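Structural characterization, general
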Amino acid sequence: MSSEPSTFVPVSELQALAPRAAFPWTICVLFYGDHPELSGRFLDSLYRFTDPAAFQLRAGLNEVCDETKRAVATVAETYDNVSVVESPENIYKCPMMRRLFHESPLESEWTLWFDDDSHVRGPGWILELALTMQNQPPVDFFGALYQVDVSEGLEKFITGARWYRGVPRERHPSKGGRIITFPT
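Before going into details, it helps to say that this report is about the structure given with it. As the structure is a prediction and not an experimental result, all values here were calculated from the model. (Residues numbered from 1 in each chain as written. Predicted model: local features only at pLDDT ≥ 70, side-chain atom pairs only at ≥ 80, totals over all residues. Heavy atoms only, no water.)

1. Side note on the overall build of the chain
Selection criterion: Secondary structure elements follow DSSP: runs of H or I no shorter than four residues count as helices, runs of E no shorter than two count as strands, and numbering proceeds from the N terminus. Note on classification: 1.4 Å probe, protein chains only; a residue is buried when its accessible area is under 20% of the maximum for its type, exposed when over 50%, partly exposed between these limits.
Looking only at helices and strands, the chain features six helices and seven strands. In the chain, the succession of helices and strands from N to C terminus is α-β-α-β-α-β-α-β-α-β-α-β-β. Taking the principal axes of its C-alpha atoms as reference, the chain extends roughly 50 × 40 × 30 Å. Out of the 184 residues belonging to the chain, those deemed buried represent 37%.

2. Focus: the packing of helix H2 (residues 36-49) against helix H3 (residues 66-78)
Put simply, the rule reads: Geometry is summarised by axes, namely lines fitted to C-alpha atoms with helices restricted to the contacting stretch, and by angles between N-to-C directions that run from 0 to 180 degrees. Should an angle fall under 35 degrees it is called roughly parallel, over 145 degrees roughly antiparallel, and 65 to 115 degrees roughly perpendicular, with every other angle called oblique. Crossings are assigned a handedness: left-handed for a near helix turned anticlockwise from the far helix by less than a right angle, right-handed for a clockwise turn. In this analysis, two residues are considered to be in contact whenever any of their non-hydrogen atoms come within 4.5 Å of each other. Just so you know the grouping, Ala, Val, Leu, Ile, Met, Phe, Trp, Tyr, Cys and Pro go in nonpolar, Asp, Glu, Lys and Arg go in charged, and all remaining residues, Gly too, go in polar.
Packing of H2 against H3 brings their axes to within 9 Å, and their N-to-C directions diverge by 15 degrees. In terms of axis orientation, H2 runs roughly parallel to H3. As for the relative orientation of H2 and H3, their crossing is left-handed in sense. On H3, the residues that touch Pro36, Ser39, Leu43 and Tyr47 of H2 are Glu67, Thr68, Ala71, Val72 and Val75. For the contact of H2 with H3, a count of residues per class yields six nonpolar, two polar and one charged.

3. Quick look at the sheet that holds strand S7 (residues 178-183)
Under the convention used in this document: Strand pairing is assigned whenever DSSP detects at least two bridges linking the two strands.
Taken together, the three strands give an open sheet; going across it, the order is S5-S7-S6, and neighbouring strands pair in antiparallel fashion. Whereas interior strands pair on both sides, the edge strands pair on one side only; in this sheet they are strand S5 (145-149) and strand S6 (170-171).

4. Side note on the state of the cysteines
Rules: Two cysteine sulfurs form a disulfide in these notes if their separation is within 2.5 Å.
Tallied over the full model, the rule gives zero disulfides. No disulfide involves Cys94; its sulfur sits 13 Å from the nearest other cysteine sulfur, which is in Cys28. Using a relative accessible area of 58% as the deciding quantity, one classes Cys94 as exposed.

5. Remarks on the sheet that holds strand S2 (residues 55-62)
The strands making up a sheet associate through hydrogen bonds between their backbones, and the pairing can be parallel or antiparallel. Taken in spatial order, the four strands line up as S3-S2-S1-S4 in an open sheet, and their pairing is parallel. Two strands lie at the open edges of the sheet, namely strand S3 (82-87) and strand S4 (111-115), each paired on one side alone. Between one strand and the next, the sheet's axes are offset by a mean angle of 15 degrees, whatever the strand orientation. Of the pairings in the sheet, the one linking S2 to S3 comprises six bridges and is parallel in character. From the neighbouring strand, Ala59 faces S3, where its bridge partner is Val84. Contacts from H3 reach strand S1 (25-32), S2 and S3, with the element oriented near 155 degrees to S3.

6. Description of the environment of Arg20
Which entries qualify depends on this criterion: Whenever a nitrogen or oxygen atom comes within 3.5 Å of another N or O atom, the pair is scored as a polar contact, on the condition that within protein one atom can donate a hydrogen and the other can accept it, and that pairs from neighbouring residues in sequence are kept only if both atoms are in side chains.
Following the sequence through the fold, Arg20 ends up in the loop between helix H1 (11-17) and S1. For the pair Arg20 and Asn135, spaced 115 residues apart in the sequence, the C-alpha separation amounts to 8.8 Å. Every residue in contact with Arg20, bar those within four places of it in the chain, is listed here: Glu109, Trp110, Met133, Gln134, Gln136, Pro137 and Val139. A polar side-chain atom of Arg20 sits 2.9 Å from the main-chain carbonyl oxygen of Met133. A distance of 3.5 Å separates a polar atom in the side chain of Arg20 from the backbone oxygen of Gln136.

7. Quick look at unusual backbone geometry
With omega at 0 degrees, the peptide bond leading from Phe23 into Pro24 counts as cis. For Pro24, the location among the structural elements is in the loop between H1 and S1. The phi dihedral of Tyr92 falls on the positive side, at around 80 degrees, and the residue is not glycine. Relative to the assigned elements, Tyr92 resides in the loop between S3 and helix H4 (93-102). Judged by its relative accessible area of 56%, Tyr92 is exposed.

What follows is the structure, given as structure tokens:
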């Protein structure tokens, strides 16, 4: 963790300004591989710029190096808002996301997802998001929408999976191929 002082808006002030934000949030992050600089940057920025009372952190560790394990353990020892799901091998993003969301039921109204290459850029991030939540009552999620093409192989995998419920993929409006739309 950085030796720089923490700078954040207290959760009591955030909640007063944006009651719909319903703190604490669940923040999930996925760490992977031998990238301690990324995990360190994320953890340092999150705890420097965010009141720990504003969130519960769920850290997914996919085949991480010892330095990342130590950094997460240090944060967990320092704060009482950290839980860890670890896999010694890389089980990839979606299976780890499922574990983070479902192994222990989510109790917060809002859940935020961070990949390990993302980080918090300043103390205003949480106030900006909380105020956006407050001012957009009918919205259920925030982020940019992206699309990925569904290959024939992926389509066979999806439709052959035991969890498949018969819901067809969307079609690209101009190309006609199958797509999956998801928020980031």
